[in-house]
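# A look at the structure
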Amino acid sequence: MASIFSKRTAAVAFFVLVAGVSAHACILTYTLIGPDGQIGIFPGRSAELVTGESYTIEIAMREDHNRCLIEPEDTIFLLEEARWRVNRATQPLVLLAPIEWVQVGSREFTATIEFRAAEPGSWTIDVIRECTKGGYHEKLILEAR
Amino acid sequence: MKSLSLKLDNPAKALRRAARIRPRVRLAVQIAFSLFVLGIVLSRQAAEAGIVLPVLFPDLHAICPFGAVATVGRLLLQGEYIPRTGQSNLWVLAGSLGMTFLVGALFCGWLCPLGSIQDWFGRLGKRLLGRRYNRVVPARVDRFMSYLRYAVLALVVLQTTRFLNLWFTTYDPYYAMYHIWTGNALPSAIAVLAVTLVASLFVARPWCRWLCPFGALQGLAARLSPWTIRRNDQACTSCLKCTRACPMGIAVDSTAAVRDSRCTRCMECLDACPVDGALDFTLRAPQPASDKPTDRRPATTFSISGGLTAAAVVLVLFFAPVGLARATGLYVPASHEAEAQLEIADIGPMMTLEEVSAGLGMSTAELLALLEIDAGFDPTTRLVDVEMDERYEHLTVPQIRQALEAPDGQ
């Protein structure tokens, strides 16, 4: 019995570890793609843009708990604390198309944001998912030169 | 004060009495702390239902010292706290790690609710398996598997700092245990909890000894603790009862001071020791005790093995940092922050018009008038949604702040 149990326990422990290593992160990860290819982007760190150029942010979202109360579509994107809306001429980063979410797994979604850097400056995008289970709030800082 | 142990006329009697009451006190502390954590979870759920209670910790994550890893990572990279926890888990981490550096992993043995529930399942396992309980895993395998804790620790630190979120929640049996009835816990975490509890019927504290990342951190810090379980070689009869009693399989009988990172300071070895003075939880090595009044040894070991003493030490050291921070205003729980007067600069996009008016001490009608919004506008609207109304497309949050800061808006 001893050896069987130890093998089983070892198998369970191994499974837990391997599952942990292979799992994607919870919540949201971001990839900024510019005219010259991929530019790394991470919440809280700035990424540089060239004014007049168009860019894409690819977002991957994974729910980290059960019974998520917020649909992906209810994720709020604020640019300088105003809603980031399509072709809003007053915004320094002009959103070129509506943000659409695609479900790619049971708890995984992706979205693509296409925009053009219209004005030079340091611009902050707040990504907010407000709910009673803690929610989510990150800042993406983009520097247009 | 030369000794922290119970002051009785005879040290040997004191040790015997301590061995009698220690397991009961420990059980009481474990139950009380488990209920305390349950209270935090329930108060959080009450908040979700709209009942805000003035609590010290706003969320289960806020009392999780391991959640502090995420908080530290985010503080370093972004200068911000995780909204769910605020800074409370930093104080909790300071308390638990400070305690571990001083007295070892008392948190694990006396407070951790997940450790406690494994102990209680272990009691059932002892009844079912008798002497076979905790002997189903060969010592060599057990030793090897105990190193998995460090792998899990490294993985959690890596993933948590990489993604700046409570990544471990997906697999955390502690989180699952307190959220299983809410539906929030993911099946993966519930599965880890279930496997842990079933394994607890066969092996003492399987999660703690093989997988717990916080236990690994505690174990490393505990190696430095000046207070530890010490064996007096002169008094010891090498009966091996201490080693057999140790739920973590530590060979207590062959060491002068227990430095094994798996030791949770449960003191079951002390409870099992038949010789007064052979084992003690002290700062200095114990001397043999005697019933003879003339043989009384000077009480200079600074023992904290008494049940009540250990309970006092663990509770004071755990709660002192967060309590002091709260008392001095360094830490304000999230549930208390709302009580403060709202500053215009603190107005956020997710606040409702109603909340802003209450925070600024004005009526909703006054606020709507200031913002030149129709009086019939829904006051429960979030500021970020005001601009969704075509009439108020210009009223973004910065515009609202600007309107409120204007001289005639004060």
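The paragraphs below set out a description of the structure included in this document.

The rules behind these values
Residues numbered from 1 in each chain as written. Chains lettered and ligands numbered in written order. Predicted model: local features only at pLDDT ≥ 70, side-chain atom pairs only at ≥ 80, totals over all residues. Heavy atoms only, no water. Helix = DSSP H or I, 4+ residues; strand = E, 2+ residues; numbered from the N terminus. Buried < 20%, exposed > 50% of the residue type's maximum accessible area, 1.4 Å probe, protein only. Contact = heavy atoms within 4.5 Å. Pairing = 2+ DSSP bridges. 1 Å grid on protein atoms, 1.4 Å probe; cavity = no way out; pocket = protein on both sides within 12 Å on 5 of 7 lines; lining within 4 Å. Points joined across faces, edges and corners; volume = space filled by probe spheres on them. Nonpolar A, V, L, I, M, F, W, Y, C, P; charged D, E, K, R; others polar. Salt bridge = Lys/Arg side-chain N within 4 Å of Asp/Glu carboxyl O. Patch = residues over 30% accessible without salt bridge, like charges linked within 9 Å, V, L, I, M, F, W, Y side chains within 5 Å. Areas by Shrake-Rupley, 256 points an atom, 1.4 Å probe, with all protein chains shown as cover. Lys, Arg positive; Asp, Glu negative; His and termini not counted. Charge placed at Lys NZ, Arg CZ, Asp CG, Glu CD. Core = buried A, V, L, I, M, F, W, Y, C linked by side-chain atoms within 4.5 Å. Phe/Tyr/Trp six-rings, centres within 6.5 Å; stacked < 30°, edge-to-face > 60°. Expected span 1.5 Å × (residues − 1).

### Overview of the overall build of chain A
Counting secondary structure elements, chain A contains 1 helix and 11 strands. Listing every helix and strand of chain A by position from the N terminus yields α-β-β-β-β-β-β-β-β-β-β-β. A total of 145 residues make up chain A; the buried ones form 43% of that total. Of the contacts formed within chain A by residues at least 6 apart in sequence, a portion of 61% connects residues at least 24 apart.

### Quick notes on the overall build of chain B
The number of helices and strands found in chain B is 19 helices and 2 strands. Within chain B, the fraction of its 410 residues that count as buried is 55%. For chain B, the proportion of contacts with a sequence separation of at least 24, taken over those separated by at least 6, is 70%.

### What to know about the pairing of strand β11 (residues 136–144) of chain A
All names here are of chain A. Residues Y136, E138, L140, L142 and A144 point to one face of β11 and are all buried, whereas H137, K139, I141 and E143, pointing to the other face, are not buried. Bridge analysis of strand β10 (residues 121–129) against β11 gives 9 bridges, and the strand direction is antiparallel. For V127, the partnering residue across the bridge sits in β11 and is E138.

### A look at the side chain of T396 of chain B
Among the secondary structure elements, T396 of chain B is positioned in the loop between α18 (383–386) and α19 (397–405). Judged by its relative accessible area of 11%, T396 of chain B falls in the buried class. Residues within four places of T396 of chain B in sequence aside, it is in contact with E81, A82 and R88 of chain A together with E387 of chain B.

### Examining the layout of surface pockets
Residue and element names in this part refer to chain B. Empty space within the second largest pocket amounts to approximately 870 Å³. Within the residue set of the lining of the second largest pocket, elements represented by two or more residues are α1 (11–48), α5 (113–129), α6 (139–146), α12 (241–245) and α13 (268–272). Taken together, the residues that form the lining of the second largest pocket break down as 14 nonpolar, 7 polar and 14 charged.

### Some thoughts on the sheet that holds β11 of chain A
Residue and element names in this part refer to chain A. The mixed open sheet is built from 5 strands, whose spatial order is β3-β11-β10-β5-β6. Edge positions in the sheet fall to β3 (46–49) and β6 (82–83), since each has one partner strand and no second. With 4 bridges joining them, β3 and β11 adopt parallel strand pairing. Paired with L49 across the two strands is A144, which belongs to β11.

### Looking at the pattern of salt bridges
Residues and elements named next belong to chain A. Taken as a whole and judged by the stated rule, the model has 19 salt bridges over all chains. Residue R62 is joined to E108 by a salt bridge in which the shortest nitrogen-to-oxygen separation is 3.8 Å. One end of the pair, R62, is in strand β4 (residues 54–62); the other, E108, is in strand β9 (residues 108–117), with 46 residues separating them in the sequence. Since its relative accessible area comes to 15%, R62 is described here as buried.

### Side note on a positive patch on the surface
Residues and elements named next belong to chain B. A grouping of R131, R135, K241 and R244 is seen on the molecular surface, where their side chains present a positively charged patch. The topology assignment puts R131 in the loop between α5 and α6. Among the residues examined, R131 registers a relative accessible area of 72% and is labelled exposed.

### Some details on unusual backbone geometry
All names here are of chain B. We note that R205 has phi near 45 degrees; this positive angle belongs to a residue other than glycine. Within the secondary structure, R205 is located in the loop between α9 (187–200) and α10 (206–211). Among the residues examined, R205 registers a relative accessible area of 2% and is labelled buried. A positive phi angle, near 65 degrees, is found at M267, a position not held by glycine. Position of M267 relative to the elements: it lies in the loop between α12 and α13. Classification of M267 by relative accessible area gives buried; the value is 1%.

### Remarks on the nonpolar core
L106, W110, I229 and F281 of chain B are the most contacted members of the largest nonpolar core, which has 66 residues in total. Look past the residues within four positions of L106 of chain B in its chain and what remains in contact with it is M99, L111, T264, R265, M267, F281, V313 and V314 of chain B.

### A look at the packing of aromatic side chains
All names here are of chain B. For the coordinates displayed, the defined rule picks out 11 aromatic pairs over all chains. Relative to F319, the ring of F33 has its centre 6.2 Å away and its plane inclined at 55 degrees; by these criteria the two rings are tilted. Pair noted here: F33 is in helix α1 and F319 is in helix α14 (residues 307–327), with a separation of 286 residues, a long-range link. With relative accessibility at 25%, the residue F319 sits in the partly exposed group. Following the ring pairs from residue to residue traces out a cluster consisting of F33, F36, F107, F214, F318 and F319.

### With respect to α5 of chain B
All names here are of chain B. For α5, which comprises 17 residues, the first-to-last C-alpha distance of 24 Å matches the rise-based estimate of 24 Å (1.5 Å per residue) to within 8%. P113, L114, G115, S116, I117, Q118, D119, G122, G125 and L129 are the residues of α5 that are buried. Downstream of α5 by a residue or two, G130 has a phi angle that is positive, lying close to 65 degrees.

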